[in-house]
Amino acid sequence: MSLVPTSYEDWKHCITIKCGIPLTSDYVAERLTALHDHTDYQTEKFINRWGAAHHARTLAWFEQAAKELSQD
């Protein structure tokens, strides 16, 4: 696994195992709100550091997590 996740599975492992952050409905919804807001300070920093393509991938991964949570 690379330092920067390149797949949903790698990203989910990084969030839940390495960082110990549970992907709860509330957490995922908060992150989706922030990631959709390009004027959010943390989102601006994320895009500046990791680039627009990685931002788009991360947004898609959070959307996939939200979809999984809604199916449970």
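Further up the page is the structure itself.
*Asks:* Summarise the layout of surface pockets; cite the residues concerned and give the values.
*Replies:* Over the atoms rolls a probe the size of a water molecule, and in doing so it shows where empty space is left. Each pocket or cavity is described by its volume, and for the largest pocket that value is around 480 Å³. Lining the largest pocket are 21 residues; nearest its centre among them are Trp-11, Ile-15, Phe-46, His-54 and Thr-58. Residue assignment for the lining of the largest pocket shows that the elements contributing at least two residues are α1 (8-18), α2 (25-36), α3 (41-50) and α4 (52-71). With five residues, α3 is the largest single contributor of residues to the lining of the largest pocket. Looking at the lining of the largest pocket, its residues break down into 13 nonpolar, four polar and four charged.

*Asks:* If you had to explain the packing of aromatic side chains to someone new, which residues and values would you point to?
*Replies:* A full pass over the atoms with the stated rule returns four aromatic pairs. On the numbers, 6.0 Å between centres and 55° between planes, the contact of Tyr-27 with Phe-62 is tilted. Placement of Tyr-27 in helix α2 and of Phe-62 in helix α4 is noted, with a sequence separation of 35 residues between them. Among the aromatic side chains, those forming a connected cluster through ring pairs are Tyr-8, Trp-11, Tyr-27, Trp-61 and Phe-62.

Analysis parameters
- Residues numbered from 1 in each chain as written.
- Predicted model: local features only at pLDDT ≥ 70, side-chain atom pairs only at ≥ 80, totals over all residues.
- Heavy atoms only, no water.
- 1 Å grid on protein atoms, 1.4 Å probe; cavity = no way out; pocket = protein on both sides within 12 Å on 5 of 7 lines; lining within 4 Å.
- Points joined across faces, edges and corners; volume = space filled by probe spheres on them.
- Helix = DSSP H or I, 4+ residues; strand = E, 2+ residues; numbered from the N terminus.
- Nonpolar A, V, L, I, M, F, W, Y, C, P; charged D, E, K, R; others polar.
- Phe/Tyr/Trp six-rings, centres within 6.5 Å; stacked < 30°, edge-to-face > 60°.

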